[in-house]
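# Examining the three-dimensional arrangement
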Amino acid sequence: MKSLSDLVRTIIQLRHDWHSQSGRAEITLLAVCPNSVAVLEAAVKVAAQNNAPMLFAATLNQVDRDGGYTGWTPLQFVTQMRAFAEQYDWDGPLYPCLDHGGPWLKDRHTLDGLAFEATLSEVKQSLTACLQAGYGLLHIDPTVDRTLPPGQPPTLDTDVARTIELIAHAESERKRLGLPPIAYEVGTEEVHGGLVDMANFKSFLYGLRTGLQARGLDDAWPCFIVAQVGTDLHTTYFSRTAAHLITEAIASTGSLIKGHYTDWVANPEEYPAAGMGAANVGPEFTAEEYLALKDLALKEQALARSRPGLRPSQFMEALQQAVVASGRWKKWLQPQEQGLEFLQLSRERRDWLAQTGARYIWTEPSVVTARERLYRNLGQVMPDPHRYVVDRIARVMDKYIVAFGLFDSLTLCNP
């Protein structure tokens, strides 16, 4: 299997070769955030059915040495990914990746009030665990600093210095462990990251290049640069113009642009033509899993009417209770909602918060138990309720496979 860096170089070469012949070989890689077992399974299935590579962008909140909210350590995550690959008879490229590896980007670090040196040490240990598990890419993102006033980002020089420090640590550990080269991703499209302005963006790249060269780390130059391309948590329109400008700015570096917040984007088909190298999608797949389960819960209600002896799972109630108990729903409260209890919010907002927060509580025992009962009840009349959920998620992923030019893309990438 090609390394991710080699795959990126192949994509760049394909674009150059085909454009010189007035053809089109534009590919944008899909990076799925593996926030549940069903999402991970769906992504492996989609890769196998479409002869396409697949990236998995796992945050430290999702997958970490403490299990994260998925319950997976990095090694358990990779082991599960490989088990699904065997289940679907797929030996094509699957790339486990770290997303947002940096100080205070794991919620627990902020909640525990860790000082800089403590959170940095935790991140470095997690980078080592990711390497040991076989990750193919590390996103180095030191753009949050909880020692500064709220909303104030670290300086550009600090961003560069901390990025280099973390890459240097990862490279030192990789060599100590006797592992092959891996790929890196740097930057963030968050406004607080200070990398939205083009002048800042170019200054960051220059500082990173000279800093890595000074440390003898030229070979660790990132294959992906994350940048603002119009989308964020509340907007879904991709700016092809912005992407073109940024692509031109990094054309000589050998890197590609990577977009985050690609969920529900209105125009995904424009990503390849704009030169986007990859794009992350996560909450959209959680939402589809939630909606599929909600539909199954409605089927269960109908089943209970026809079979009076059936004991309903009360799955949706268990899920909402777990979301509320987690407290994570509060992070999405709008200014006018601050201080309100969950039940004081409108039904529409409660539904949205439950859907969005579901990814944090899929592994809660009460939710797992209710889901198992839901599946058992429906299994009396449906062949496989779990397959119904996985297939619903896979259909949403297929949208990106087609839009990003990924269908049968391995035929192009591995001539």
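Look up a bit, the structure's there.
Residues numbered from 1 in each chain as written. Predicted model: local features only at pLDDT ≥ 70, side-chain atom pairs only at ≥ 80, totals over all residues. Heavy atoms only, no water.

To continue, consider the sheet that holds strand E7 (residues 256-259). The sheet built from 8 strands closes into a barrel, its strands ordered E1-E2-E3-E4-E5-E6-E7-E8 with parallel pairing. For this sheet, the mean angle separating the axes of adjacent strands, direction not counted, is 25 degrees. In this sheet, strand E6 (residues 224-226) lies alongside strand E5 (residues 183-186) in parallel orientation, the contact comprising 2 bridges. Looking at E6, one finds that Val186 is bridged to Ile225. Sheet strands touched by helix H8 (residues 240-250): E6, E7 and strand E8 (276-281). Its angle to E7, the strand with the most contacts, is close to 140 degrees. (Pairing = 2+ DSSP bridges. Helix = DSSP H or I, 4+ residues; strand = E, 2+ residues; numbered from the N terminus. Axes fitted to C-alpha atoms, helices over the stretch in contact; angles between N-to-C directions. Contact = heavy atoms within 4.5 Å.)

With that settled, the discussion passes to the state of the cysteines. The tally for this structure, following the rule as stated, stands at 0 disulfides. The thiol of Cys97 is unpaired, and the distance to the nearest cysteine sulfur, on Cys223, comes to 8.4 Å. Exposure remark for Cys97: the relative accessible area of 3% places this residue in the buried category. As a non-bridged cysteine, Cys413 has Cys223 as the owner of its nearest cysteine sulfur, 14 Å distant. (Disulfide = S-S within 2.5 Å. Buried < 20%, exposed > 50% of the residue type's maximum accessible area, 1.4 Å probe, protein only.)

What follows covers helix H5 (residues 116-133). In this model H5 runs 26 Å from its N-terminal to its C-terminal C-alpha over 18 residues, within 8% of the 26 Å that 1.5 Å per residue would give. When we look at burial in H5, the residues that qualify are Phe116, Thr119, Leu120, Val123, Ser126, Leu127, Thr128, Ala129, Cys130, Leu131 and Ala133. Turning to H5, the residues buried within the fold contact helix H3 (74-87), strand E3 (94-101), helix H4 (107-111), strand E4 (137-140) and helix H6 (156-176). (Expected span 1.5 Å × (residues − 1).)

Turning next to the layout of surface pockets. Approximately 420 Å³ is the volume attributed to the second largest pocket. Ala297, Gln301, Phe315, Met316 and Glu317 are the residues nearest the centre of the second largest pocket, which is lined by 18 residues in total. Contributing elements (two or more residues each) for the lining of the second largest pocket: helix H10 (283-306), helix H11 (315-326) and helix H12 (347-357). The element that contributes the greatest number of residues to the lining of the second largest pocket is H10, accounting for 7 residues. (1 Å grid on protein atoms, 1.4 Å probe; cavity = no way out; pocket = protein on both sides within 12 Å on 5 of 7 lines; lining within 4 Å. Points joined across faces, edges and corners; volume = space filled by probe spheres on them.)

Formed by 134 residues in total, the largest nonpolar core has its most connected members in Leu4, Met54, Phe56, Tyr135, Leu138 and Phe224. Top element by residues in this core is helix H14 (residues 385-403). It accounts for 9 residues. Those residues in contact with Met54 that lie beyond four places of it in its chain are Leu30, Val32, Ala43, Val46, Ala47, Pro93, Leu94, Tyr95 and Ile401. (Core = buried A, V, L, I, M, F, W, Y, C linked by side-chain atoms within 4.5 Å.)

For Phe84, the location among the structural elements is in helix H3. Those residues in contact with Phe84 that sit more than four places away from it in its chain are Val37, Leu40, Glu41 and Val44.

According to the stated counting rule, one finds 12 aromatic pairs in the structure shown. Pairing Trp104 with Phe116 gives two aromatic rings, centres 6.0 Å apart and planes at 40 degrees, and the pair type is tilted. Of this pair, Trp104 sits in the loop between E3 and H4 while Phe116 is found in helix H5, placing the two residues 12 residues apart along the sequence. By relative accessible area, which is 18% here, Phe116 ends up buried. Ring geometry for Phe285 versus Tyr400: centroids 6.3 Å apart, planes at 85 degrees, classification edge-to-face. Pair noted here: Phe285 is in helix H10 and Tyr400 is in helix H14, with a separation of 115 residues, a long-range link. Note on Tyr400: relative accessible area 0%, which makes it buried. Through a chain of ring-to-ring contacts, three or more aromatic side chains come together here, namely Phe238, Tyr271, Phe285, Tyr400 and Phe404. (Phe/Tyr/Trp six-rings, centres within 6.5 Å; stacked < 30°, edge-to-face > 60°.)

Another point: the pairing of E8. Counted residue by residue, E8 has 6 buried out of 6 residues, so it is predominantly covered. In this structure, E7 lies alongside E8, joined through 3 bridges in parallel fashion. The residue bridging Ile257 from the neighbouring strand is Met276, located in E8.

Burial along E4 is two-sided: the residues Leu137 and His139 and Leu138 and Ile140 are all buried. Examined bridge by bridge, E3 and E4 share 3 bridges and lie parallel to one another. Bridge pairing links Leu98 to Leu138 in E4. Alignment of E4 against E5, held across 4 bridges, turns out to be parallel. Each bridged residue has a counterpart across the sheet, and for Leu137 the counterpart in E5 is Ala183. Note that the unit made of E4, H6 and E5 has a crossover that is right-handed. (Right-handed = clockwise from strand over helix to strand, strands pointing away.)

Let's shift gears to the side chain of Ser313. Along the chain, the position of Ser313 falls in the loop between H10 and H11. Side-chain polar atoms of Ser313 contact the side chain of Glu300, separated by 2.9 Å. A polar atom in the side chain of Ser313 sits 3.2 Å from the backbone nitrogen of Phe315. Every residue in contact with Ser313, bar those within four places of it in the chain, is listed here: Glu300, Ala370, Arg373, Leu374 and Asn377. (Polar contact = N/O pair within 3.5 Å; in protein donor to acceptor, adjacent residues only side chain to side chain.)

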